[in-house]
Amino acid sequence: MPLFINRDQIFAHQVHLLEHKLRSKEERILELETENAILHLRLAECLGKLRRDQEEDTKDGTKALNHHQHEGSAQKITRSALAKLLPEVQAVKQDLSEVFAVYLSFATELEEQSKQLLEKVEQAGRSLNGHRGDEVENLQAQVEALQRSLEEEKERCRAERQRRKELHNTLVELRGNIRVHCRVRPVLPFDHVQSSTSGSGPASSEEVVSAISDDTVLVNCMKTGMPVQNKIFEFERVHGPEDSQDVVFEEVRPLLTSLLDGYNVCIMAYGQTGSGKTHTMMGSQLLEEHSGTQQETQQGIIPKAAAELFRLISEKPAESHTVGVSVMEVYNNEVFDLLARDEQGNAVSQHRDVITTSSGTSHVPSLTYEPVCNASEVMQIISSVLKLRAHCPTLIHTDSSRSHLVVTLTISSKSPNAVALARRLQSAKKDMQHSAQKEWWSPRCRRANPAARNSSDELFGSTASSPCLSPSLSPCPSPRPSISQDPFMTKLQLVDLAGSECVAMQEKKVSEPRTTNVH
Ligand SMILES: Nc1ncnc2c1ncn2[C@@H]1O[C@H](COP(=O)(O)OP(=O)(O)OP(=O)(O)O)[C@@H](O)[C@H]1O
């Protein structure tokens, strides 16, 4: 580009010089032509005078001769002047034609060069456009290839996600729709007190239950006058005293994914009074030994599950899921709605009827459901009604819960996916087959189960009471499908059962009224 500018400048300068030269020559030609015209005028004047003189000379012979002579001399002068001017005019004309020739050749050359330059510019432009075009085409091709691979990756990701879901749910099914875990809590100060007051059983410092592996517990059965007998029980998972609330929750967490895939889930804690059911389900506020007043909340499965549920929902499209919470209590085979309110709007525990359908499922139709948007709302609601729950001190545990607490989170989804529905149908089919065989428990569960069915069985489906010594976790059987239901609902039931021990044997005062329940 700078090369073109220099050449242009040179050409422009030369043209300017030639134009200047041309103009001065033209001016000179004009001068000479004016001079020539004046001379022609003079000549005409002289010739006129001569004519007049000749006429007079005819009248006067002498005069005519003189005049002729005079005329002759004037003509001579004019001719000689003209003869002088002629070469000059010719020279100027010659110069002018030369200048024109130069100008013409230069103009031709300039035109030629301009043409060439223009061609070059056009060529450069064309090649530049062609280059750009190639580049753009290449880029477009690359973008298209990237878009294609992105689509492929998305598709693969979708397929993988689907596969992961299916595998996850298959895994959950393979592990058993009913699973029993056992948690052995550490020995606590009140165990020593209880042991010394009862006077029977092992020494206070002795552990009677120990987790010998992650699926086996050993129970040291000692009775006065009887030989020591060790019994071994197997579970899907055994948590030792050192296992934290987080470790216990990690075993439960995958069930929440299944919940959003269309499965109903029920987690219940079963065990004797003081074994740690409420601690496992709700959590405890432990007073830290070294920090004086500072309290540390050890969240149990219910708050952690609520948080995980809302975390999973947050990954779904906005407003695709809504959650409602209900809290009910089962006490002496009666169902009470802990979220019910009296006319003044005060929380009261209200008796509710249980309806059992012809298909054998039971539900509580007029149970109060509160819509919730996050885990803290769930926990606020639960904590606000816990005081209504029946409590009564036992020999083992001063704050013993004497009723079953059932917290239900009902998830309503507006975007059921076909796979979830298919799985629900598949599971329902399995359920029907299972119920036809009247075989609800795996042999493993049955082997470990020493107890009779709990009165709450019908409310939670056929999960029955867990056989664990400590809280157990078991998802309820898969739901009965309802294809026409839109939006579809799944339920997470979190149950803290009352102590499984013989009440008459364990309660301080069997006839003592419930301490906090108002009904
Ligand atoms: N794993 C544990 N680690 C530490 N403390 C525990 C653990 N499990 C239970 N506890 C403590 O033991 C006490 C009794 O536990 P919890 O109230 O959970 O028993 P429970 O089985 O619900 O009894 P009940 O059936 O009588 O209501 C509580 O003070 C609780 O903090």
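The rules behind each value
Residues numbered from 1 in each chain as written. Predicted model: local features only at pLDDT ≥ 70, side-chain atom pairs only at ≥ 80, totals over all residues. Heavy atoms only, no water. Axes fitted to C-alpha atoms, helices over the stretch in contact; angles between N-to-C directions. Helix = DSSP H or I, 4+ residues; strand = E, 2+ residues; numbered from the N terminus. Parallel < 35°, antiparallel > 145°, perpendicular 65-115°, else oblique. Left-handed = near helix turned anticlockwise from the far one by under 90°. Contact = heavy atoms within 4.5 Å. Nonpolar A, V, L, I, M, F, W, Y, C, P; charged D, E, K, R; others polar. Buried < 20%, exposed > 50% of the residue type's maximum accessible area, 1.4 Å probe, protein only. Pairing = 2+ DSSP bridges. Expected span 1.5 Å × (residues − 1). Arc of directions from axis to C-beta.

**Q** Whenever I open this one, the packing of helix 4 (residues 245–260) against helix 6 (residues 301–314) confuses me. Can you help?
**A** A pair of packed helices is characterised by two quantities: the angle between their axes and the separation of those axes. The interhelical angle for the contact between helix 4 and helix 6, taken along N-to-C directions, is 40°, at an axis separation of 9 Å. What the angle tells us is that helix 4 and helix 6 run oblique. As helix 4 runs across helix 6, the sense of the crossing is right-handed. On helix 6, the residues that touch Gln-245, Asp-246, Val-248, Phe-249, Val-252, Arg-253, Leu-256, Thr-257, Leu-259 and Leu-260 of helix 4 are Ile-301, Lys-304, Ala-305, Glu-308, Leu-309, Leu-312 and Ile-313. When grouped by side-chain class, the residues that make up the contact of helix 4 with helix 6 number 11 nonpolar, two polar and four charged.

**Q** In this structure, what is going on with the environment of Asn-346? I would like to understand it.
**A** Considering the arrangement of structural elements, one finds Asn-346 in the loop between strand 10 (334–337) and strand 11 (350–352). Given a relative accessible area of 42%, Asn-346 falls into the partly exposed group. The contact partners of Asn-346, leaving out residues within four places of it in the chain, are Ala-340 and Arg-341.

**Q** How should the sheet that holds strand 4 (residues 229–234) be read in this particular structure?
**A** Note on sheets: strands pair through backbone hydrogen bonds, and any given pair is parallel or antiparallel. The strand order 2-3-4 describes an open sheet built from three strands, whose pairing is antiparallel. Both edges of this open sheet fall to strand 2 (209–213) and strand 4, since each of them pairs with a single strand only. Ignoring strand direction, the axes of neighbouring strands in this sheet form an average angle of 30°. Bridge count for strand 2 against strand 3 (residues 216–221) is four bridges, and the pairing is antiparallel. Looking at strand 3, one finds that Ser-213 is bridged to Thr-216.

**Q** Would you explain the packing of helix 6 against helix 7 (residues 375–386) in this entry?
**A** The geometry of helix 6 relative to helix 7 is characterised by a closest axis approach of 8 Å and an angle of 150° between their N-to-C directions. The angle between helix 6 and helix 7 places the two elements in the roughly antiparallel class. Every pair of crossing elements has a handedness; the one defined by helix 6 and helix 7 is right-handed. Of the residues in helix 7, those touching helix 6 at Ile-302, Pro-303, Ala-306, Ala-307 and Phe-310 are Ala-375, Val-378, Met-379 and Ile-382. Per-class residue counts for the contact of helix 6 with helix 7 are nine nonpolar, no polar and no charged.

**Q** I keep staring at helix 7 and nothing clicks. Help me out?
**A** Taking 1.5 Å of rise per residue, 12 residues should cover 16 Å, and helix 7 covers 16 Å from first to last C-alpha, within 8% of that figure. Burial in helix 7 covers these residues: Ala-375, Val-378, Met-379, Ile-381, Ile-382 and Val-385. Each buried residue of helix 7 lies within a common arc of 160° when the element is viewed along its axis, so the set occupies one face. Looking at the packing, one finds that the buried side of helix 7 touches helix 6, strand 9 (321–331), strand 14 (370–372) and strand 15 (404–413).

**Q** Help me understand the pairing of strand 9 in this model?
**A** On any regular strand, side chains alternate: one points to one face of the sheet, the next to the other face. For strand 9, the buried fraction is high: 10 of the 11 residues fall into the buried class. Relative to strand 10, strand 9 runs antiparallel, the two sharing four bridges. Bridge pairing in strand 10 links Glu-329 to Phe-336. Where strand 9 folds back onto strand 10 in an antiparallel hairpin, the turn is made up of two residues, including Asn-332, whose phi is positive at roughly 50°.

Keep in mind these numbers describe shape, not what the thing actually does.
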